[in-house]
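Listed here are the chains, written in short residue letters.
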Amino acid sequence: MDFTALVELASGREAVPSDAMSANPPRSLPFNNALDLAEFQSVHEIVTGMSDDGVVVWDKFDIAPFAALMPSIATLDHFKTDAGEDDYIYRFVGQNLETIAKRSLRKTSLREVLHGKNRDAILQEYGATLTGRVPRASTGNVDISDLVWVRYLRFLYPVRTKTGVDRLLLFMLFAAP
């Protein structure tokens, strides 16, 4: 499967269903298999060079090597809601993710974006990345309007900021099967 950053897949879409971002659960993949599938080894090596023990160190992070992938990158900060639930807020969001979501995601929390039966599974996947302190990969289909045939491959990396391991670096690659 040829995974590339594809903004044009979303052009001419109808309204986005309310549960579109979490209609189907992601399927975890063995990380090395995902790297091979996406031919992502060189990107992973660059990220690893900015990491200590599998965790990206934010003070070492440089976006420049990822210029070609910027439309497919997001960073999210972990926080606790008033009810004590884990959530994540988008800080940086690449154009591909906002095009797929059909709205601006910056400063939006995952609980605002994700609706439907699989929201908790997706939040758990993000949480497991931070608590496990190792990168994770998952795949699935985009379930938005006429884009149900588009597949994604998601790479999540835990990030250490000055306050702890509390940020995620996300690479979201889209492809037609």
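Definitions and cut-offs
- Once a new chain begins, its residue numbering starts again from 1 and follows that chain's sequence as written.
- Side-chain atom pairs in this predicted model are given and counted only at pLDDT of 80 or more, local residue features only at pLDDT of at least 70, and totals for whole chains, interfaces and linings cover all residues.
- Only heavy atoms go into the side-chain values, all of them from the structure, while hydrogens and water stay out.
- We call Phe, Tyr and Trp rings a pair once their centres come within 6.5 Å, taking the six-membered ring for Trp, and we label the pair stacked below 30 degrees between planes, edge-to-face above 60, and tilted otherwise.
- Summary of the burial criterion: residues with accessible area below 20% of their type's maximum are buried, those above 50% are exposed, and those between are partly exposed, where the area comes from a 1.4 Å probe applied to protein chains only.
- We count a stretch as a helix when DSSP gives it H or I for four or more residues in a row; a strand needs E for two or more, and each element gets its number in order from the N terminus.
- A pair is scored as a salt bridge if a Lys or Arg side-chain nitrogen falls within 4 Å of a carboxyl oxygen belonging to Asp or Glu.

## Quick notes on the packing of aromatic side chains
Piece 1. Using the criterion set out here, one finds nine aromatic pairs in the structure.
Piece 2. Geometrically, the ring pair formed by Trp-58 and Phe-61 is stacked, given 5.1 Å between the ring centres and 10° between the ring planes.
Piece 3. Overall, the relative accessible area of 16% leaves Phe-61 in the buried class.
Piece 4. The rings of Phe-31, Phe-40, Trp-58, Phe-61, Phe-66, Phe-155, Tyr-157 and Phe-171 are connected pair by pair, giving a single aromatic cluster.

## Describing the environment of Phe-174
Piece 1. With respect to the element layout, Phe-174 can be found in strand S8 (residues 164-175).
Piece 2. By relative accessible area, which is 2% here, Phe-174 ends up buried.
Piece 3. Taking the C-alpha atoms as reference points, Phe-174 and Ile-100, separated by 74 residues in sequence, lie 9.5 Å from one another.

## Examining the pattern of salt bridges
Working definition: two side chains of opposite charge can pair if their charged atoms are close together.
Piece 1. Inspection of the entire model under this criterion finds seven salt bridges.
Piece 2. A salt bridge links Asp-77 to Arg-91; the nearest nitrogen and oxygen atoms lie 3.2 Å apart. Separated by 14 residues along the polypeptide, Asp-77 in strand S4 (residues 73-80) and Arg-91 in strand S5 (residues 86-93) bring together distant segments of the chain.
Piece 3. Taking the shortest distance from any N to any O, the salt bridge between Arg-154 and Glu-125 comes out at 2.9 Å. Here the residue Arg-154 occupies a position in strand S7 (residues 151-161), and Glu-125 occupies one in helix H5 (residues 119-132), the gap between them amounting to 29 residues.
Piece 4. On the accessibility criterion, Arg-154 (5% relative accessible area) is buried.

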